[in-house]
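For reference, the chains in residue letters:
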Amino acid sequence: MSKIKILLVDDQALFREGLKTLLNSRPEFEVIGEASNGEEAIRLAHQLHPQVILMDLRMPILDGVQATQRIHNLLPECHILVLTTFDDDEDVFEGLRAGAIGYLLKDVSSEKLFEAIRAAARGEYFLQPSITAKVVAEFSRLPRAVPRSPEAEKILSPREIEVLRLVATGISNKEIAERLFISEGTVKNHLSNILSKLNVKDRLQAVIRGRELGLLP
């Protein structure tokens, strides 16, 4: 079994040390690098090409949001999980808009952290329930540009709209598959089609675009 290669980015050396010990104790993970600020993170991401980056937000020299955005734009194959102490609405949305594939707080359980890393390595979003609630609440406040029109409905198939609505709730591919009684592979195919048809890069952008088109309630 090939290991998931992980880059740790946090300005607290003791936290990185503990996290590295925890992750390397698992047979499926390998911490291949550590960075104490955003600039180091960008450099190491280019050198090491990790599958998953655990990114703190508030760091010296270059913060996690800017580092996430640059890495996401230049190395989209590196999936970034925000791992931070802060759950302010502004932090959450800035991190996700920058391209993070998940958002976790540092009080997360080890099992949830492992689950999030495995999901990120598969290219799937992972949000803690408290963070999901913030995202869904924010979407519910966003004005819909126009009511759904017949033209908008032609962009996605009925099944793709169904998948997009479940994506908007923040659940994983596995949970979507269980809800719709289809395989995870089929869910991934639907998501790929959705991103292509809406001309967006990730799930969050797809949900925002779906609301703009009136495809989501």
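Calculation criteria
- Residues numbered from 1 in each chain as written.
- Predicted model: local features only at pLDDT ≥ 70, side-chain atom pairs only at ≥ 80, totals over all residues.
- Heavy atoms only, no water.
- Helix = DSSP H or I, 4+ residues; strand = E, 2+ residues; numbered from the N terminus.
- Buried < 20%, exposed > 50% of the residue type's maximum accessible area, 1.4 Å probe, protein only.
- Contact = heavy atoms within 4.5 Å.
- Areas by Shrake-Rupley, 256 points an atom, 1.4 Å probe, with all protein chains shown as cover.
- Phe/Tyr/Trp six-rings, centres within 6.5 Å; stacked < 30°, edge-to-face > 60°.
- Pairing = 2+ DSSP bridges.
- Right-handed = clockwise from strand over helix to strand, strands pointing away.
- 1 Å grid on protein atoms, 1.4 Å probe; cavity = no way out; pocket = protein on both sides within 12 Å on 5 of 7 lines; lining within 4 Å.
- Points joined across faces, edges and corners; volume = space filled by probe spheres on them.
- Nonpolar A, V, L, I, M, F, W, Y, C, P; charged D, E, K, R; others polar.
- Core = buried A, V, L, I, M, F, W, Y, C linked by side-chain atoms within 4.5 Å.
- UniProt positions renumbered as here; feature names shortened; annotations may be inferred.

For the protein chain, an unreviewed UniProt entry supplies the name LuxR family transcriptional regulator and the organism Thermanaerothrix daxensis.

Asker: Explain the overall build of the protein chain here, please?
Answerer: Counting its secondary structure elements, the protein chain contains 11 helices and 6 strands. Across the 217 residues that make up the protein chain, the buried fraction comes to 48%. A separation of at least 24 residues holds for 66% of the contacts in the protein chain among residues at least 6 apart in sequence. By element, 52% of the accessible surface of the protein chain is carried by carbon and sulfur atoms, the whole surface being about 10,600 Å².

Asker: Would you take a moment to explain the packing of aromatic side chains for this structure?
Answerer: How two aromatic rings sit relative to each other is set out by the distance from centre to centre and by the angle between their planes. A complete count under the given rule lists 1 aromatic pair for this structure. Ring geometry for F29 against F114: centres 5.7 Å apart, planes inclined by 45°, an arrangement best described as tilted. Of this pair, F29 sits in strand 2 (residues 29–35) while F114 sits in helix 5 (residues 110–121), and the two are 85 residues apart along the sequence. Using a relative accessible area of 2% as the deciding quantity, one classes F114 as buried.

Asker: Please clarify how the pairing of strand 5 (residues 102–105) should be interpreted in this entry.
Answerer: Within a regular strand, the side chains alternate between the two sheet faces. In strand 5, alternate side chains face the same way, and those of G102 and L104 on one face and Y103 and L105 on the other are all buried. Here strand 4 (residues 79–84) pairs with strand 5 via 4 bridges, running parallel. By the bridge assignment, L83 is partnered in strand 5 with L104. For the handedness criterion, the β-α-β arrangement of strand 5, helix 5 and strand 6 (residues 126–127) is classed as left-handed.

Asker: Explain the sheet that holds strand 2 here, please?
Answerer: Where strands meet in a sheet, backbone hydrogen bonds hold them as pairs that are either parallel or antiparallel. Strand order in this open sheet of 6 strands is 2-1-3-4-5-6, and the pairing throughout is parallel. Across the chains shown, the open sheet's two edge strands, defined by having one partner strand only, are strand 2 and strand 6. The pairing of strand 3 (residues 52–55) with strand 4 spans 4 bridges and is classified as parallel. Among the inter-strand pairings, I53 is bridged to a residue of strand 4, identified as I80.

Asker: Just to check I follow, could you spell out empty space enclosed by the protein for this structure?
Answerer: Sizing a probe to match a water molecule and rolling it over the atoms shows the empty space that remains. This structure, assessed with the given rule, holds 2 cavities of 30 Å³ or more. Roughly 40 Å³ of volume is contained in the second largest cavity. What lines the second largest cavity is L8, V9, D10, F15, L19, L54, M55, D56 and L83. Elements represented by at least two residues in the lining of the second largest cavity include exactly strand 1 (4–9), helix 1 (13–24) and strand 3. For the lining of the second largest cavity, the per-class residue count stands at 7 nonpolar, no polar and 2 charged.

Asker: Help me understand the nonpolar core in this model?
Answerer: Generally speaking, nonpolar side chains in soluble globular proteins are found buried as a group. With 33 residues, the main nonpolar core has I6, L23, V52, L54, L81, L113 and I117 as its most contacted residues. Of the residues forming this core, the biggest block, 6 residues, is contributed by helix 5. The residues touching L23, leaving out its near neighbours within four places in the chain, are I6, L8, F29, V31, L54, L113, F114 and I117. Membership of the second largest hydrophobic core comes to 21 residues, among which are I161, L164, I171 and L215.

Asker: What exactly am I supposed to notice about the UniProt feature "modified residue: 4-aspartylphosphate" (unreviewed entry) in the protein chain here?
Answerer: The UniProt feature table records "modified residue: 4-aspartylphosphate" (unreviewed entry) at D56. Mapped onto the elements, D56 comes out in the loop between strand 3 and helix 3 (64–74). When sequence neighbours within four positions are dropped, the list of residues in contact with D56 reads V9, D10, D11, G64, L83, T84 and K106.

Asker: Teacher, can you tell me more about the pairing of strand 3 here?
Answerer: Neither face of strand 3 is left uncovered, since the one carrying V52 and L54 and the one carrying I53 and M55 both have all their residues buried. When strand 1 meets strand 3, the two strands line up parallel, connected through 4 bridges. Its bridge partner being in strand 3, L7 is matched across the sheet by I53. A crossover connection joins strand 3 to the parallel strand 4 through helix 3; in handedness this β-α-β unit is right-handed.

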